[in-house]
Amino acid sequence: MTKVDVLLGLQWGDEGKGKIVDVLSGNYDIIARFQGGPNAGHTLEFDGKKHVLHQIPSGIFHPKTINLIGNGVIIDANILRKELDALIARGAKPSENLLISKKAHLIIPTHRMLDAAYENSKGDKKIGSTLKGIGPTYTDKIARVGLRIGDTMDSSFEDKYQSLKDSHLRLLEAYNFDYRTASIDGISLEEYEKLWLTAIESIKKEITFVDSEQFINKQLAENKRVLAEGAQGSLLDIDFGSYPFVTSSNTTTAAVCTGLGISPAKVGKVFGVFKAYCTRVGSGPFPSELENAVGQKLRDNGHEYGSTTGRPRRCGWIDIPALNYAIMLDGVSDLIITKADVMDNFDELMACTSYKIDGVEIDYMPFEIATKEIIPQLTRVKGWHSDISNIKNYAELPKDFINYLNYIESLTNLPISIISTGPDRKQTIIR
Ligand code: GDP
Ligand code: IMO
Ligand code: MG
């Protein structure tokens, strides 16, 4: 009996999870997404080309690896259709190595309008949602009125769809949201819906829907190697993130159990991915944020613009209390650092090593994170000031960079076992 290894982000998303999953996919028989939906944007780069995945697991370019969209994921059929077409154009064959859980919930077109209506109603207290319908879809799931992709195989689907849509239209009217003139991805609700219903039909023909909890447990019993791929980041978790500036799913390791249907005893290694600095898209607290030229330099060097929405990402120093909070919640066994190359031309770096709140110094993320002023306490760290992006062996890394890694290891009490030195598959050092 094997266990499910987990790979997830330890910050506010976009840590480089997609790139690392793609690199590790050769070692696994199955890659499974367990939560989130098209709010995710996971970038893979190889053979000089870039590919962004939203709902499909990042092992999809490995023909021998099965990719599973688990029951905890939510799916927009139009976005999935586009993802499938882009993959097919690149020579992948998703009909042969992609499976979808029948229990995965559907994001219907009006969920997306509700997302926009709720955001509009919040004025300057906006969450900064990706507007993919994530919050409203998980809300309906919990309210027990949602639709699952497996429901599309039953003759009652049309009626169920219509009744959910009608309830959404009444809500949109209550929010004074004019759904007749508003658009989704540049087209009307009517057009989006037409494409969406067609997409459902074509996906049903091409992709196998499975009882994924049965499938995955059987695979583990047969000693197959499974990697669960997280979306978003631990600090966006619905329970433990800076509520209400969070996403609407649990993004931490615990969600692997409910999002795939495995027992906690079947969780194996937990790989925690973090950037050598921090970024955040959307609103919400960010103690080590740099709203200055240094932040801009990180954004420019790191091309910090959202993979899903294109929005500029907010940038700041690495935040150790936040990192340790995520490590505690996730039970991380191995750390993976990405994007250190972005700081190659920095003389001096800072690390946020504690916070001051109401004049008191603390080393953990407090409940008051979203309501009180948090002053980051910074510790100076020497830069390495050389190009690490072409280095292939750990031993060749500059001494000052190794010191930076040792420093983080000493503050987290964990080994950094993979070092990513650039966006390409090949720019990876496995220790
Ligand atoms: P994900 O959501 O965690 O999969 O991350 P994203 O794909 O949204 O954002 C990470 C971005 O950084 C992508 O553009 C990647 O191609 C890129 N990237 C990943 N690892 C590295 C790295 O080590 N160095 C640099 N410079 N870019 C990286
Ligand atoms: P990946 O998987 C970064 C952020 C949004 C917003 C908040 C809520 O690529 O790391 P939502 O649309 O989920 O209701 O938005 O969460 N967010 C992400 N930020 N990376 C992501 O995914 C994100 N998914 C959601 O910007 O602040
Ligand atoms: Mg991303």
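In what follows, the accompanying structure is described.

Rules behind the numbers
Residues numbered from 1 in each chain as written. Chains lettered and ligands numbered in written order. Predicted model: local features only at pLDDT ≥ 70, side-chain atom pairs only at ≥ 80, totals over all residues. Heavy atoms only, no water. Pairing = 2+ DSSP bridges. Helix = DSSP H or I, 4+ residues; strand = E, 2+ residues; numbered from the N terminus. Axes fitted to C-alpha atoms, helices over the stretch in contact; angles between N-to-C directions. Contact = heavy atoms within 4.5 Å. Core = buried A, V, L, I, M, F, W, Y, C linked by side-chain atoms within 4.5 Å. Buried < 20%, exposed > 50% of the residue type's maximum accessible area, 1.4 Å probe, protein only. Phe/Tyr/Trp six-rings, centres within 6.5 Å; stacked < 30°, edge-to-face > 60°. Lys NZ or Arg CZ within 6 Å of the ring centre and 35° of its normal. Donors = N, O, S within 2.8 Å, 3.2 Å for Na, K, Ca; no water. Salt bridge = Lys/Arg side-chain N within 4 Å of Asp/Glu carboxyl O. Near = heavy atom within 4 Å. Polar contact = N/O pair within 3.5 Å; in protein donor to acceptor, adjacent residues only side chain to side chain. Areas by Shrake-Rupley, 256 points an atom, 1.4 Å probe, with all protein chains shown as cover. Expected span 1.5 Å × (residues − 1).

### Details of the sheet that holds strand β5 (residues 66-69)
For step 1, the next point in the chain: One open sheet accounts for 10 strands, arranged β11-β7-β5-β2-β12-β1-β13-β17-β21-β22; its pairing is mixed. Looking at which strands have only one partner, the edges of the open sheet turn out to be β11 (208-210) and β22 (428-430). Recorded for the sheet is a direction-independent mean angle of 25° between the axes of neighbouring strands.
For step 2, the next point in the chain: Across the sheet, helix α1 (residues 17-24) lies against β1 (4-9), β2 (30-33), β12 (226-229), β17 (334-338), β21 (416-420) and β22, angled at about 150° from β1, the strand it touches most.

### Quick notes on the nonpolar core
For step 1, the next point in the chain: Ranked by size, the top nonpolar core spans 58 residues in total, and within it Leu10, Leu68, Phe274, Ile337, Met343, Phe401 and Tyr404 carry the most contacts.
For step 2, the next point in the chain: Per-element tally for this core: the top contributor is helix α12 (residues 399-412), with 5 residues.
For step 3, the next point in the chain: Beyond its immediate chain neighbours, meaning those up to four positions away, methionine 343 contacts Ala276, Tyr277, Leu298, Leu349, Trp384 and Tyr404.
For step 4, the next point in the chain: Core analysis: the second largest hydrophobic core is formed by 43 residues, Val73, Ala104, Tyr179 and Leu189 among them.

### Some details on the packing of aromatic side chains
For step 1, the next point in the chain: If you walk through the whole model with that rule in mind, you get 8 aromatic pairs.
For step 2, the next point in the chain: Between tryptophan 384 and phenylalanine 401 the ring centres are 4.8 Å apart and the planes differ by 65°, which places this aromatic pair in the edge-to-face class. Taken as a pair, tryptophan 384 in the loop between β20 (375-382) and α12 and phenylalanine 401 in helix α12 lie far apart in primary sequence, 17 residues in all.
For step 3, the next point in the chain: Using a relative accessible area of 5% as the deciding quantity, one classes tryptophan 384 as buried.
For step 4, the next point in the chain: Three or more aromatic residues joined by ring pairs form one cluster here, namely Phe157, Tyr161 and Trp196.
For step 5, the next point in the chain: Of note, arginine 90 hangs over the ring of phenylalanine 46, and the distance from its end group to the ring centre comes to 4.5 Å.

### Focus: the coordination of the magnesium ion (ligand 3)
Where a metal carries four tetrahedral donors, each ideal angle is 109.5 degrees; where it carries six octahedral donors, the ideal angles are 90 or 180 degrees.
For step 1, the next point in the chain: For the magnesium ion (ligand 3), the protein coordination sphere consists of Asp14 (OD) and Gly41 (O), at 2.1 to 2.2 Å. Here glycine 41 lies in the loop between β2 and β3 (42-46) and aspartate 14 lies in the loop between β1 and α1, a separation of 27 residues in the sequence.
For step 2, the next point in the chain: Assessed through its relative accessible area of 10%, glycine 41 is described here as buried.

### With respect to the pattern of salt bridges
For step 1, the next point in the chain: Taken as a whole and assessed by the stated rule, the structure comprises 26 salt bridges.
For step 2, the next point in the chain: The partner of aspartate 14 in a salt bridge is arginine 313, and the shortest N-O contact between them spans 3.0 Å. One end of the pair, aspartate 14, is in the loop between β1 and α1; the other, arginine 313, is in the loop between α10 (293-301) and β15 (314-316), with 299 residues separating them in the sequence.
For step 3, the next point in the chain: Salt bridges sharing partners connect three or more residues here, namely Asp14, Lys275, Glu304, Arg313 and Lys339.

### Quick notes on the site of ligand 2
For step 1, the next point in the chain: Taken together, 21 residues sit near ligand 2, with Asp14, Lys17, His42, Thr130 and Thr247 positioned nearest.
For step 2, the next point in the chain: At 2.7 Å, a side-chain N or O of lysine 17 approaches an oxygen atom of ligand 2.
For step 3, the next point in the chain: Between ligand 2 and the protein, one listed contact pairs an oxygen atom with a side-chain N or O atom of arginine 311 at 2.9 Å.
For step 4, the next point in the chain: Its free accessible area being 550 Å², ligand 2 has 97% of it covered by the protein chains.

### Side note on the pairing of β1
For step 1, the next point in the chain: With 6 of its 6 residues buried, β1 lies for the most part within the structure.
For step 2, the next point in the chain: Residues Val4, Val6 and Leu8 point to one face of β1 and Asp5, Leu7 and Gly9 to the other, with burial holding for every one of them.
For step 3, the next point in the chain: Examined bridge by bridge, β1 and strand β13 (residues 267-275) share 5 bridges and lie parallel to one another. Its bridge partner being in β13, leucine 8 is matched across the sheet by glycine 272.
For step 4, the next point in the chain: The pairing of β1 with β12 spans 4 bridges and is classified as parallel. Its bridge partner lying in β12, valine 6 is registered against alanine 228.

### Side note on the site of ligand 1
For step 1, the next point in the chain: Not every one of the 20 residues close to ligand 1 is listed here, only the nearest: Lys17, Thr43, Ser307, Asp341 and Ser420.
For step 2, the next point in the chain: Take glycine 18: an N or O atom from its main chain is 2.9 Å from an oxygen atom of ligand 1.
For step 3, the next point in the chain: Within the backbone of glycine 422, a nitrogen or oxygen atom sits 3.2 Å from an oxygen atom of ligand 1.
For step 4, the next point in the chain: Compared with its free state, where it exposes 580 Å², ligand 1 has 93% of that area covered by protein.
For step 5, the next point in the chain: Put simply, the parts of the chain that give the shell around ligand 1 at least two residues each are α1 and β3.

### Considerations on the pairing of strand β4 (residues 49-53)
For step 1, the next point in the chain: In this sheet, β4 lies alongside β3 in antiparallel orientation, the contact comprising 5 bridges. By the bridge assignment for β4, phenylalanine 46 is matched with lysine 49.
For step 2, the next point in the chain: In sequence, β3 turns back onto β4 through a hairpin of 2 residues, with aspartate 47 there showing a positive phi of about 50°.

### Looking at the environment of asparagine 292
For step 1, the next point in the chain: Along the chain, asparagine 292 turns up in the loop between β14 (278-280) and α10.
For step 2, the next point in the chain: Residue classification places asparagine 292 among the partly exposed positions, given a relative accessible area of 39%.
For step 3, the next point in the chain: For the pair asparagine 292 and glycine 316, spaced 24 residues apart in sequence, the C-alpha separation works out to 9.6 Å.
For step 4, the next point in the chain: For asparagine 292, the side chain forms a polar contact with the main-chain nitrogen of glycine 295, separated by 3.0 Å.

### Thoughts on α12
For step 1, the next point in the chain: The first and last C-alpha atoms of α12 sit 20 Å apart over 14 residues, in line with the 20 Å expected at 1.5 Å per residue.
For step 2, the next point in the chain: What α12 keeps buried is the set Asp400, Phe401, Ile402, Tyr404, Leu405, Ile408, Glu409 and Thr412.
For step 3, the next point in the chain: Once α12 ends, the next one or two residues include asparagine 413, with phi positive near 60°.

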